[in-house]
Amino acid sequence: MTYDQQILKVLTEAGEGGISVQAIAKHVYNMNCTFFFQPDYEEIRSYVQQFLLRNSKSTQSLIESTGRRGYYRLNTEGSADARQMMLQFREERAEEKEEEKPQQDLSLDLFA
């Protein structure tokens, strides 16, 4: 998954309220940290900031500013792609919840 896809996923999860550039950068950083590799946080923050600014310029863009400085959200009013992304994300969440089944306790009772 590329940084662009990860940014869009975080924005989708954030919903209508939006999320700050710093919080998006932290989420993307954490998605890419592994035991053997840690990316440069400042590089990711800079990339996130540039991506958001670049993609929030027009009214038909996928991303828009919330009005608060440094906060962004998906443009669900002006972009059909953003609305479709929100629907797909909600469907995926519903499927995940359905798949989660309570596990049966198979441990032995020592005092029976």
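Rules behind the numbers
- Residues numbered from 1 in each chain as written.
- Predicted model: local features only at pLDDT ≥ 70, side-chain atom pairs only at ≥ 80, totals over all residues.
- Heavy atoms only, no water.
- Pairing = 2+ DSSP bridges.
- Helix = DSSP H or I, 4+ residues; strand = E, 2+ residues; numbered from the N terminus.
- Contact = heavy atoms within 4.5 Å.
- Axes fitted to C-alpha atoms, helices over the stretch in contact; angles between N-to-C directions.
- Expected span 1.5 Å × (residues − 1).
- Buried < 20%, exposed > 50% of the residue type's maximum accessible area, 1.4 Å probe, protein only.
- Parallel < 35°, antiparallel > 145°, perpendicular 65-115°, else oblique.
- Left-handed = near helix turned anticlockwise from the far one by under 90°.
- Nonpolar A, V, L, I, M, F, W, Y, C, P; charged D, E, K, R; others polar.

Caption draft 1: The sheet that holds strand β2 (residues 63-65), seen in detail. Taken together, the 3 strands give an open sheet; going across it, the order is β1-β3-β2, and neighbouring strands pair in antiparallel fashion. This sheet does not close on itself; its edge strands, each paired only once, are β1 (19-20) and β2. By the bridge criterion, 2 bridges tie β1 to strand β3 (residues 71-74) in an arrangement that is antiparallel. For I19, the partnering residue across the bridge sits in β3 and is Y72. Packing against the sheet, helix α1 (residues 3-14) makes contact with β1, β2 and β3, and its axis sits at approximately 90° to β3.

Caption draft 2: Examining α1 more closely. End to end, α1 covers 16 Å across 12 residues, agreeing with the expected 16 Å (1.5 Å per residue, within 8%). Listed as buried for α1 are Q6, I7, L8, V10, L11 and T12. Remark: G15 follows α1 within two positions and exhibits a positive phi of approximately 80°.

Caption draft 3: Expanded view of the packing of helix α2 (residues 21-32) against helix α3 (residues 41-54). Viewed as axis vectors pointing N to C, α2 and α3 meet at an angle of 125°, and their least axial separation amounts to 9 Å. Relative to α3, the element α2 lies oblique. Note that α2 runs across α3; the crossing there is right-handed. Only Y41, I44, R45, V48, Q49 and L52 of α3 make contact with α2, whose side of the interface consists of V21, Q22, I24, A25, K26, V28 and Y29. Residues of the contact of α2 with α3, tallied by class, amount to 9 nonpolar, 2 polar and 2 charged.

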